[in-house]
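# Architecture and fold: a report
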Amino acid sequence: DAGVTQSPTHLIKTRGQHVTLRCSPISGHKSVSWYQQVLGQGPQFIFQYYEKEERGRGNFPDRFSARQFPNYSSELNVNALLLGDSALYLCASSPGTGNSPLHFGNGTRLTVT
Amino acid sequence: AQSVTQLDSQVPVFEEAPVELRCNYSSSVSVYLFWYVQYPNQGLQLLLKYLSGSTLVKGINGFEAEFNKSQTSFHLRKPSVHISDTAEYFCAVSDPDDKIIFGKGTRLHILP
């Protein structure tokens, strides 16, 4: 069975640009979460979507937005990129919420120059 | 709000020696606890989870963890490590809003 897939794997953008990251969850999983992992730190929660509705949002500015599609795939959008947005962006899926463990993709490495 | 503290940023240990990675959490309500492992250039993989029941939880790759409610700890242990255990380990807790919050991680260095 396919795991969580993320695209692209690597991305280089310039300050001020916009970026869209994509995630396909494990088949049957209805929840998708996004995390930002800065080098040397643990993953920081950005968003959680369940059944196409936002269930939670972390402490990130409004430049960050996301959505979940009817097939449960998801996009993370970041506008007006800053140097500090450089990080590994991880997508995770789970069957539900709460005590359902997360299944992570390998991430998208975003570099902002 | 829930939080997780991993007390050691790096832990060096000789191959075939035992290891303990420490994790403390803060919560005023019942929690679910997790340990994840991240190998270089990869996403996170679940090692084990505590939801309820027995306080000693066994996971993959020979790891186990003990939930201690009075000490609000969930330390990860392995009796004998191998070079392949070199990775970063993250302790995590679910919050009342069903978000999973991660600690800053502990890098495990296996010495030959």
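Computed from a prediction, not measured in an experiment: that's the story for all the values here. (Residues numbered from 1 in each chain as written. Chains lettered and ligands numbered in written order. Predicted model: local features only at pLDDT ≥ 70, side-chain atom pairs only at ≥ 80, totals over all residues. Heavy atoms only, no water.)

## Focus on the state of the cysteines
Short version of the rule: In plain terms, two cysteine sulfur atoms within 2.5 Å form what is called a disulfide here. A helix here means a DSSP run of H or I that spans at least four residues, while a strand means a run of E at least two residues long, and both kinds are numbered starting from the N terminus. Type-normalised accessible area, obtained with a 1.4 Å probe on protein chains alone, sets the label of each residue: buried when under 20%, exposed when over 50%, and partly exposed for intermediate values.
Summed over all chains, the structure comprises two disulfides over all chains. Across a sulfur-sulfur distance of 1.8 Å, Cys23(A) and Cys91(A) are joined as a disulfide pair. When the S-S torsion is -65 degrees, as for the bridge of Cys23(A) with Cys91(A), the disulfide is left-handed. Taken together, the residues span a long stretch of sequence, with Cys23(A) in strand E3 (residues 19-24) and Cys91(A) in strand E9 (residues 87-94) at a distance of 68 residues. Its relative accessible area of 2% is what places Cys23(A) among the buried residues. Each sulfur in the disulfide pair Cys23(B) and Cys91(B) lies 2.0 Å from the other. Around the S-S axis, the bridge from Cys23(B) to Cys91(B) shows a dihedral of about -65 degrees and counts as left-handed. Of this pair, Cys23(B) sits in strand E4 (residues 23-26) while Cys91(B) sits in strand E10 (residues 87-94); the two residues are 68 residues apart in sequence, bridging distant segments of the chain.

## Quick look at the pairing of strand E11 (residues 108-112) of chain A
All names here are of chain A. The cut-off we apply is this: A pair of strands is treated as paired once DSSP finds two or more bridges between them.
Across the two faces of E11 the burial differs, with Thr108, Leu110 and Val112 buried and Arg109 and Thr111 not buried at all. Where strand E2 (residues 10-13) lies against E11, four bridges are found, and the strand directions are parallel. Paired with Lys13 across the bridge in E11 is Val112. Bridging between E9 and E11 involves three bridges; their strand directions are antiparallel. Considered in E11, the bridge of Ala87 is made with Leu110.

## What to know about the interface of chain B and chain A
The condition that has to hold: Residue contacts are defined here by distance: any two heavy atoms, one from each residue, within 4.5 Å place the two residues in contact. We define buried area as the total accessible area lost by two parts upon association, computed with a 1.4 Å probe and summed across both. Salt bridge, as applied in this entry: a Lys or Arg side-chain nitrogen positioned within 4 Å of an Asp or Glu carboxyl oxygen. For this analysis, a polar contact is any N or O atom pair within 3.5 Å, provided that within protein one partner can donate a hydrogen and the other can accept it, and provided that sequence-adjacent residues contribute only side-chain to side-chain pairs.
Taken together, the 19 residues of chain B in the interface contact 20 residues of chain A. Around 1,600 Å² of area is buried between chain B and chain A when both sides are counted, 57% of it from carbon and sulfur atoms. Where chain B touches chain A, the interface holds zero salt bridges. One can count four residue pairs in polar contact (both at pLDDT 80 or more) joining chain B with chain A. Secondary-structure elements contributing two or more residues to the side of chain B that touches chain A are strand E5 (33-38), strand E6 (44-50), E10 and strand E11 (100-102) of chain B.

## Thoughts on the pairing of strand E9 (residues 73-78) of chain B
Residues and elements named next belong to chain B. Taken across its six residues, E9 has five buried, putting it largely inside the fold. Inspection of the sheet shows strand E3 (residues 19-21) paired to E9 by three bridges, in the antiparallel sense. Note on E9: the bridge partner recorded for Val19 is Lys78. Relative to E9, strand E8 (residues 64-68) runs antiparallel, the two sharing five bridges. What sits directly across from Glu64, in E9, is Arg77.

## Points about the sheet that holds strand E7 (residues 64-68) of chain A
Residue and element names in this part refer to chain A. The test is simple: Axis lines are fitted through C-alpha atoms, for helices just across the contact stretch, and the angle between N-to-C directions can take any value from 0 to 180 degrees.
With respect to topology, four strands assemble into an open sheet ordered E1-E3-E8-E7, the strand pairing being antiparallel. Edge positions in the sheet fall to strand E1 (5-7) and E7, since each has one partner strand and no second. Averaged over all pairs of adjacent strands, the angle between their axes in this sheet comes to 15 degrees, without regard to strand direction.

## Details of the confidence of the model for chain B
Note the threshold: Here pLDDT means the predictor's own confidence in every residue, given as a number from 0 to 100.
The share of residues in chain B with pLDDT of 70 or more is 99%, and the mean pLDDT across the chain is 92. Per-element averaging of pLDDT across chain B places E11(B) at the bottom with 90 and E3(B) at the top with 98.

## Regarding unusual backbone geometry
Residue and element names in this part refer to chain A. A cis amide bond links Ser7 with the next residue in sequence, Pro8, at an omega value of -10 degrees. Looking at the element boundaries, Pro8 is found in the loop between E1 and E2. Despite not being glycine, Ala80 shows a phi value in the positive range, around 45 degrees. Among the structural elements, Ala80 can be located in the loop between strand E8 (74-78) and E9. Take Ala80: its relative accessible area is 38%, and that puts it in the partly exposed class.

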